[in-house]
Amino acid sequence: MATITTAGSGNWDAGATWTGGSVPADGDTASIESGHTCTLTENEQVGAVVINGGTIAGGGFKITCVKTSGRLFDHSGTITGNLDVELQGTHNTTEDFAGTGNIRNLILNGSGLNVTTGRATTIAGDITITQGTLTCGSDDLTTGSLTIASGATFSATSGTTTITSETSGGVAVSNSGTFTHNSGTVSIETPAATFTSPVNYNNLIINHASAAVKFTGSSGSTMTIAGDLTITQGSFENNISDANLTVTGDVSVTGTLTGNSGAMSFGSLSVASGGTYN
């Protein structure tokens, strides 16, 4: 596998942009060097990417990284515009997504791929784990929405995962795979009516004045929160009126908590002035 560095600024698909005149291919690592801006004009596929002090101008396009060993996307430079990144490896890797400017959408789509975030990470759009595992360790994660497909795994940070938006289908957290909470906290700060799968969270916080979060499930099903539920702003309720909620720890309500006809079980309940429990 060759490392092909930028020779100067230019479009990704122009040979003159790259040292040696060849556009990086599936077997190559593309390295964007300091002082150079590499501009996407279409979706691209490559072995791996290193933003080595340079800039990628995303233009709303996607880079797919397909290498099967080592790092796939090392963001040690600048991203401008909207850039989507899809990782398709089959190995364990620690990735650095925390340069200047954020990836818009991050997709993990590799059977056997296990991506660990190297430090606190912000994804401007959505994270979709189609295949593989995303592991956050102790590093905080901020993303628009989180989708975990069947067979995929999200191993949450022991710190805080912050959800700021939702999918086009109106879902903040969608889980058809495995969600491991690692004693961390999830804070849903979506400024809209939105949904979460009945994930077995550790600590869950609802914290936006316009957040109206409903947990999905089937009739008579139970969502269990292993730690605390804090509704700082906004509201939280069951989408199916007789779905149940169990919170092992403390429930603190400054916003609104609605149980409808479901069974509600709490370690303790505190409703502050201005808060509502129905």
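Up top is the structure.
Computed from a predicted structure; not experimentally measured. (Residues numbered from 1 in each chain as written. Predicted model: local features only at pLDDT ≥ 70, side-chain atom pairs only at ≥ 80, totals over all residues. Heavy atoms only, no water.)

### Quick notes on the sheet that holds strand E9 (residues 73-75)
Link 1 in the chain: With parallel pairing, the four strands of this open sheet are ordered in space as E1-E3-E6-E9. A strand with exactly one partner marks an edge of an open sheet, and here the two such strands are strand E1 (2-5) and E9. Sheet twist, expressed as the average angle between the axes of neighbouring strands with direction ignored, equals 20 degrees.
Link 2 in the chain: Bridging between strand E6 (residues 48-52) and E9 involves three bridges; their strand directions are parallel. The residue of E9 that forms the bridge with Val49 is Phe73. (Pairing = 2+ DSSP bridges. Helix = DSSP H or I, 4+ residues; strand = E, 2+ residues; numbered from the N terminus. Axes fitted to C-alpha atoms, helices over the stretch in contact; angles between N-to-C directions.)

### Some words on the pairing of strand E13 (residues 106-117)
Link 1 in the chain: In this structure, strand E11 (residues 83-87) lies alongside E13, joined through three bridges in parallel fashion. Bridge assignment links Val85 to a residue of E13, and that residue is Leu106.
Link 2 in the chain: Bridge analysis of strand E12 (residues 92-95) against E13 gives four bridges, and the strand direction is parallel. When the sheet's bridge partners are listed, Thr94 is paired in E13 with Thr116.

### Remarks on the environment of Thr41
Link 1 in the chain: By the secondary structure assignment, Thr41 is in the loop between strand E4 (37-39) and strand E5 (44-46).
Link 2 in the chain: Sequence-wise, Thr41 and Gly125 are 84 residues apart; in three dimensions their C-alpha atoms are separated by 20 Å.
Link 3 in the chain: Setting aside its immediate chain neighbours within four residues, Thr41 contacts Asn11, Asp13 and Phe61.
Link 4 in the chain: Side-chain polar atoms of Thr41 contact the side chain of Asp13, separated by 3.3 Å. (Contact = heavy atoms within 4.5 Å. Polar contact = N/O pair within 3.5 Å; in protein donor to acceptor, adjacent residues only side chain to side chain.)

### Examining the pattern of salt bridges
Link 1 in the chain: A complete count under the given rule lists four salt bridges for this structure.
Link 2 in the chain: Lys62 serves as the salt-bridge partner of Glu86, at 2.6 Å between the closest nitrogen and oxygen. Of this pair, Glu86 sits in strand E11 while Lys62 sits in strand E8 (residues 61-65); the two residues are 24 residues apart in sequence, bridging distant segments of the chain.
Link 3 in the chain: Asp84 is the partner of Arg104 in a salt bridge, and the nearest nitrogen-oxygen pair spans 2.8 Å. On the criterion of sequence distance, the pair formed by Arg104 in the loop between E12 and E13 and Asp84 in strand E11 is long-range, its members being 20 residues apart.
Link 4 in the chain: Using a relative accessible area of 10% as the deciding quantity, one classes Asp84 as buried. (Salt bridge = Lys/Arg side-chain N within 4 Å of Asp/Glu carboxyl O. Buried < 20%, exposed > 50% of the residue type's maximum accessible area, 1.4 Å probe, protein only.)

### What about the packing of aromatic side chains?
Link 1 in the chain: Scanning the model with the defined rule gives five aromatic pairs in all.
Link 2 in the chain: With centroids separated by 5.6 Å and ring planes inclined at 45 degrees, the aromatic side chains of Phe154 and Phe179 adopt a geometry described as tilted. Note that Phe154 is positioned in strand E18 (residues 153-155) and Phe179 in strand E21 (residues 178-180), a separation of 25 residues in sequence.
Link 3 in the chain: On the basis of relative accessible area, Phe154 is assigned to the buried category, the value being 0%.
Link 4 in the chain: Owing to a relative accessible area of 12%, Phe179 belongs among the buried residues under this scheme.
Link 5 in the chain: Their ring planes at 35 degrees and their centres at 5.4 Å tell us that Phe215 and Phe236 sit as a pair that is tilted. Taken as a pair, Phe215 in strand E24 (residues 203-215) and Phe236 in strand E26 (residues 229-238) lie far apart in primary sequence, 21 residues in all.
Link 6 in the chain: Owing to a relative accessible area of 2%, Phe215 belongs among the buried residues under this scheme.
Link 7 in the chain: Since its relative accessible area comes to 0%, Phe236 is described here as buried.
Link 8 in the chain: Grouped by ring-pair contacts, the aromatic residues Phe154, Phe179 and Tyr201 constitute a single cluster. (Phe/Tyr/Trp six-rings, centres within 6.5 Å; stacked < 30°, edge-to-face > 60°.)

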